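Here's the letter readout for the chains.
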Amino acid sequence: EPEVTQTPSHQVTQMGQEVILRCVPISNHLYFYWYRQILGQKVEFLVSFYNNEISEKSEIFDDQFSVERPDGSNFTLKIRSTKLEDSAMYFCASIKPGHRGGNEQFFGPGTRLTVL
Amino acid sequence: GENVEQHPSTLSVQEGDSAVIKCTYSDSASNYFPWYKQELGKRPQLIIDIRSNVGEKKDQRIAVTLNKTAKHFSLHITETQPEDSAVYFCAASKRNFNKFYFGSGTKLNVKP
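This write-up is about the structure you can find in this document. Going along each chain's sequence as written, the residues are numbered from 1 onward. All chains are assigned letters beginning at A, and all ligands numbers beginning at 1, according to the order in which they are written. For this predicted model, a pLDDT threshold of at least 70 governs which residues receive local features, and a threshold of 80 or more governs which side-chain atom pairs are given and counted, while totals over whole chains, interfaces and linings are taken from all residues. To get the side-chain values, all heavy atoms of the structure are used, and hydrogens and water are removed first.

### Here's the deal with the interface of chain A and chain B
When the parts of a complex come together, some accessible area is lost, and that lost area is often used as the size of the interface. Whether two residues are in contact is decided by their heavy atoms: any pair within 4.5 Å suffices. On the side of chain B, 19 residues touch chain A, which itself brings 25 residues to the contact. Summed over both sides, the interface of chain A with chain B buries roughly 1900 Å², with 53% coming from carbon and sulfur. Whenever a carboxyl oxygen of Asp or Glu lies within 4 Å of a side-chain nitrogen of Lys or Arg, that contact is scored as a salt bridge. Counting across the interface, chain A meets chain B through zero salt bridges. Side-chain atoms alone can form a polar contact between residues adjacent in sequence; in general such a contact is a pair of N or O atoms within 3.5 Å, and within protein one must be able to donate a hydrogen while the other accepts it. The interface formed by chain A and chain B includes six residue pairs in polar contact (both at pLDDT 80 or more). Only DSSP runs of H or I covering at least 4 residues are called helices, and only runs of E covering at least 2 are called strands; the numbering of each starts at the N terminus. Taken together, the elements giving at least two residues each to the side of chain A that touches chain B come down to β4 (31–37), β5 (44–50), β6 (53–57) and β9 (88–95) of chain A. Here the side of chain A that touches chain B gets four residues from one element, more than from any other, and that element is β4 of chain A. Polar here means any residue other than Ala, Val, Leu, Ile, Met, Phe, Trp, Tyr, Cys and Pro, which are nonpolar, and Asp, Glu, Lys and Arg, which are charged; Gly is therefore polar. Taken together, the residues of the side of chain A that touches chain B break down into 11 nonpolar, 10 polar and four charged. Here the buried area means the combined drop in accessible surface, using a 1.4 Å probe, for two parts upon being joined, counting both sides.

### Section: the sheet that holds strand β1 (residues 5–7) of chain A
Residues and elements named next belong to chain A. An order of β1-β3-β8-β7 is seen for the four strands of this open sheet, with the pairing classed as antiparallel. The open sheet has two edge strands with one neighbour each: β1 and β7 (65–68). Mean inter-strand twist for the sheet, computed between neighbouring axes without regard to direction, equals 20 degrees. As paired strands, β1 and strand β3 (residues 19–24) are joined by three bridges and run antiparallel to one another. Paired with Thr5 across the two strands is Val24, which belongs to β3. Strands were regarded as paired on the criterion that DSSP finds at least two bridges between them. Here, axes are lines fitted to C-alpha atoms. For helices the fit covers the stretch in contact, and angles between N-to-C directions go from 0 to 180 degrees.

### Topic: the packing of aromatic side chains
To pair, rings of Phe, Tyr and Trp, with the six-membered ring standing in for Trp, must have centres within 6.5 Å; the planes then decide the type, stacked if under 30 degrees apart, edge-to-face if over 60, and tilted in the middle. Within this structure, the stated rule accounts for 21 aromatic pairs over all chains. Consider the rings of Tyr35 of chain A and Phe107 of chain A, whose centres lie 5.4 Å apart with planes at 40 degrees: the pair is tilted. Pair noted here: Tyr35 of chain A is in strand β4 and Phe107 of chain A is in strand β10 (residues 106–107), with a separation of 72 residues, a long-range link. Phe107 of chain A matches Tyr35 of chain A in its accessibility class, with the two residues each being buried. Note on Phe107 of chain A and Phe102 of chain B: the rings are 6.4 Å apart at their centroids and 80 degrees apart in plane angle, and the pair reads as edge-to-face. Of this pair, Phe107 of chain A sits in strand β10 while Phe102 of chain B sits in strand β10 (residues 100–102), placing the two residues on different chains. Three labels apply to residues, based on accessible area from a 1.4 Å probe with only protein chains included: buried if under 20% of the type maximum, exposed if over 50%, partly exposed otherwise in between.

### Points about the layout of surface pockets
Here a cavity denotes a set of grid points, spaced 1 Å apart and computed over the protein atoms alone, in which a 1.4 Å probe fits but from which it cannot get out, and a pocket denotes an open set meeting protein on both sides within 12 Å along at least five of seven lines; residues with an atom within 4 Å of a point are reported as lining. Grid points are joined across faces, edges and corners, and a volume is the space filled by probe spheres set on the points. One number sums up the size of the largest pocket: a volume of about 510 Å³. Going through the elements one at a time, β9 of chain A together with β9 (86–93) and β11 (106–111) of chain B are the ones with two or more residues in the lining of the largest pocket. When residues of the lining of the largest pocket are assigned to their parent elements, the largest contribution, four residues, is made by β11 of chain B. For the lining of the largest pocket, the class distribution of residues is nine nonpolar, 11 polar and five charged.

Right, dumping it as C-alpha cells:
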C-alpha cells in the first residue's frame, strides 16, 4: 500500500540555522499538509497546499516558514532561522478527496526536529 | 476560526469495558470529522470518520456519533483491549479540506 514518506527521521540543528524537512506524498494525492506536534501535545496545523500554492496557513506559519513542491513529487518545509521552540515532531500528510468516497488523511512517519 | 475541544484528557478503563471520548466544535460549516489513533512515537492513523450528513457510523468495535445541532461528536470503543491503549485525537474540517483542527487528545489506558 502506498505510504507518505519523510526524511530525515531526526534532525538536530543549532539555533539560527536553516533546516529543510522533506516529504514524498502519495503520488495521486492532491492536498498536502504540514503539521507539528510538540512532545505530549496535540497535532497543530501549519499549512495546506493545493494546486501548487498555499491554501491556508496558521498563525504559527510565519515568515520563517516556507513550503515548496519543487518537482511534482517532493513537498518540503523550510524553516529559515530555527528557534528553540521549533523543536517538535513535524508530520507531512496528504489527501485524495473523494477516493472511494472518503477523505482519509495519510500521515508520514514524522521528522523529529531538535534545536539546540 | 474553528475551535475543537476534547474530553477527557485521560481515560482509564478495564479490559472489556467501553470507552467514550467526546469532542465539540464551534464552526457550523465544519462537515467532516475524523478520529485518529496515535501510538507512542508513531504517526496518527485514521480509525473512523463521519460526515455531517450522517448521524452515526460503526466499524466493528468502534463507532462515532455526530450531533450537528449541538456541535458535538463522540468516539465509542466497545470491548476494549490492551492494544487499544493509545492517544486518540478528534478533528474537524470543512468541505474544502484546507485546514484540519485537532482536539487536544485523549490518552486511553486499557488495563488487562
